[in-house]
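These are the residues of each chain, in order.
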Amino acid sequence: MTKLKGFEFWKNTLKSARFVVAPMVDQSELAWRLLSRRHGAQLCYTPMLHAQVFVRDANYRKENLYCDVCPEDRPLIVQFCANDPEVFVQAALLAQDYCDAVDLNLGCPQMIAKRGHYGAFLQEEWDLLRRMIMLANEKLSVPITCKIRVFPEIAKTVKYAQLLEEAGCQLLTVHGRTKEQKGPLAGVASWEHIQAVRKAVNIPVFANGNVQYLNDVERCIQKTGVQGVMSAEGNLHNPALFEGINPVVWEMAEEYLEIVQQYPCPLSYVRAHLFKLWHHTLQVHHQLRDELAKVKSLDGLIAVNQELKLHCQKEIAQLKEGENPQGGLPFFHWICQPYLRPGPKETCKENGTSRIEGSTRGKRALEDEEDGTLDSLSKNKQKKKLRNPNKSFDPSLKPKYAKCDQCGNPKGNKCVFNMCRGCCKKRAFRETADCPGHGLLFKTKHEKSLLWKSGQSSLEKLEETTQEAEVEEALLLKEAIDGVA
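On a predicted model such as this, the values are computed, not experimentally measured, just so you know.

Cut-off values and rules
Residues numbered from 1 in each chain as written. Predicted model: local features only at pLDDT ≥ 70, side-chain atom pairs only at ≥ 80, totals over all residues. Heavy atoms only, no water. Patch = residues over 30% accessible without salt bridge, like charges linked within 9 Å, V, L, I, M, F, W, Y side chains within 5 Å. Areas by Shrake-Rupley, 256 points an atom, 1.4 Å probe, with all protein chains shown as cover. Salt bridge = Lys/Arg side-chain N within 4 Å of Asp/Glu carboxyl O. Lys, Arg positive; Asp, Glu negative; His and termini not counted. Charge placed at Lys NZ, Arg CZ, Asp CG, Glu CD. Helix = DSSP H or I, 4+ residues; strand = E, 2+ residues; numbered from the N terminus. Core = buried A, V, L, I, M, F, W, Y, C linked by side-chain atoms within 4.5 Å. Buried < 20%, exposed > 50% of the residue type's maximum accessible area, 1.4 Å probe, protein only. Contact = heavy atoms within 4.5 Å. Axes fitted to C-alpha atoms, helices over the stretch in contact; angles between N-to-C directions. Parallel < 35°, antiparallel > 145°, perpendicular 65-115°, else oblique. Nonpolar A, V, L, I, M, F, W, Y, C, P; charged D, E, K, R; others polar.

S.K.: I'm lost on a negative patch on the surface in this one. Help?
M.R.: A surface patch of negative charge is lined by Glu463, Glu464, Glu468 and Glu472. Topologically, glutamate 464 is positioned in helix α20 (residues 442-484).

S.K.: Is there a simple way to think about the nonpolar core in this case?
M.R.: Side chains of a nonpolar character, in soluble globular proteins, are inclined to be buried together. Phe80, Phe88, Val102, Leu106, Leu164, Leu172 and Trp278 are the most contacted members of the largest nonpolar core, which has 106 residues in total. The leading source of residues in this core is helix α12 (residues 249-262), at eight residues. Setting aside residues no more than four positions away along its own chain, phenylalanine 80 makes contact with Leu49, His50, Ala51, Phe54, Phe88, Ala91, Ala92, Ala95, Val102, Asp103, Leu104 and Asn105. The next biggest cluster of nonpolar side chains, apart from the first, holds 11 residues, and it includes Cys415, Phe417, Met419 and Cys424.

S.K.: Would you explain the pattern of salt bridges in this entry?
M.R.: Oppositely charged side chains can pair when the atoms bearing their charge come close. Evaluation of the coordinates by the stated rule reveals 13 salt bridges. Where aspartate 100 meets arginine 74, a salt bridge forms, and the shortest distance between an N and an O atom there is 2.9 Å. Here aspartate 100 is found in the loop between α5 (85-95) and β5 (101-106), whereas its partner arginine 74 is found in the loop between α4 (58-64) and β4 (76-81), with 26 residues between them in sequence. Close ionic contact of aspartate 216 with arginine 219 constitutes a salt bridge, the shortest N to O distance being 3.0 Å. Here aspartate 216 and its partner arginine 219 are both found in helix α10 (residues 214-224), three residues apart, which amounts to about one turn of the helix.

S.K.: Even after reading the chapter, I still don't get the packing of α12 against helix α13 (residues 267-277), so can you show me in this structure?
M.R.: Each pair of packed helices can be described by the angle between their axes along with the distance between the axes. Look at α12 against α13: their axes get within 10 Å of each other, and the N-to-C directions meet at 170 degrees. In terms of orientation, α12 lies roughly antiparallel with respect to α13. Across the interface between the two elements, Val249, Met252, Ala253, Tyr256, Leu257 and Val260 of α12 pack against Tyr269, Val270, His273, Leu274 and Leu277 of α13. In terms of residue class, the contact of α12 with α13 is made up of 10 nonpolar, one polar and no charged.

Rendered as structure tokens:
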């Protein structure tokens with residue numbers, strides 16, 4: 001069968017998909033994909049899979065793809081991260097019978113991608129990317145696609161996209177942020193970059209970034225001219241985003257949990273989804289946040305979900321006519337709606353500090369925590385306080401430690417050198433000395449070694465003397481026998 005390319009692939013295989021659910025690590029599993037498809041999504045990606053692990057580990061293949069065979073879950077694109085053409089193609093060949101295309105992840109900006117040398121950290125290695133895509137395009141029976149982040153310069157982004165197209169990429173997803181734009185520094189995605197790429201290439205383009213409601217999808221398509229729009233965060237907070245509705249959270253949560261019972265997945269995935277869906281409600285009902293974090297079974301998660309639902313229904317029953325949502329939200333907290341990630345300035349204000357010029361993030365002021373009241377403590381310290389009400393975070397009550405003479409770390413109370421263990425070990429080794437306080441016995445062991453060696457030499461001398469006496473005795477005996485003869 002002839003492999004379709006470009007727009008033919010998009011129209012015939014992907015059914016002209018416009019509403020796309022992004023590949024999300026541990027979050028776009030089969031159960032979530034099915035929920036999203038029921039509520040308007042037309043195309044889904046698997047979570048990002050590691051090509052090298054996929055090739056060598058049969059269990060990894062089984063858990064992440066082979067067990068997820070479901071007729072409803074098509075069209076489907078499998079995404080891999082890789083930095084070796086041969087490994088990428090081997091993984092793609094093992095996956096191609098279970099999907100409609102294979103995607104190369106060139107957009108992940110996280111530290112794990114930097115350490116593994118994949119994702120957005122390959123975007124400067126154009127020769128390597130050309131070889132990877134050309135080889136995959138030649139060997140695979142399904143099309144190869146790519147998901148990228150932009151460069152700060154539009155012109156360089158356009159050249160980058162054209163290079164991928166020339167190498168054999170049949171569909172391009174463009175996330176309109178640079179690899180530095182993540183977390184509190186995410187900011188607004190640049191649709192101008194996406195528009196420029198769309199005009200410069202002759203393959204379908206999906207846009208990613210700034211999608212919170214269905215009207216954002218329509219505006220993005222009109223502004224950029226792309227064939228489809230991909231959602232990640234927006235989809236996690238409202239899986240009915242592509243339907244253009246904002247349902248109550250428990251409806252989506254209950255439907256998702258029913259699907260999970262039919263298509264099981266790790267409990268950590270389910271918990272993470274419930275945290276996203278109930279995000280705004282958990283800002284109100286803090287005690288249920290801890291319960292959701294602690295339960296260790298699917299039944300436990302279902303019970304907490306039911307408890308959250310009952311709390312919200314009580315609030316709804318007590319609502320006064322004309323009452324508006326609190327906290328600056330467009331809807332009441334029990335309605336599926338986007339979460340706007342605070343930028344650096346907002347983060348600093350939330351943490352109780354003013355922004356220092358030139359800094360990118362703020363830290364909670366220490367003096368705010370001196371009184372130890374629950375409201376002034378960080379969330380982590382609040383949890384510790386709940387577990388141990390007598391615990392105090394007052395800096396003045398902290399024990400004072402004597403410092404190591406060498407490095408300033410706390411010294412050992414019984415150290416003979418007045419040092420921490422690390423510095424003491426170095427000195428004791430260098431001087432062949434003992435420090436009983438730290439359990440370091442270099443001098444003792446050295447002396448035992450010398451004693452053992454001296455004992456060995458004494459034993460050897462004794463053995464030599466015995467052997468000489470035996471030889472001498474044998475010679476005398478021989479002489480006596482000869483004399484008798």
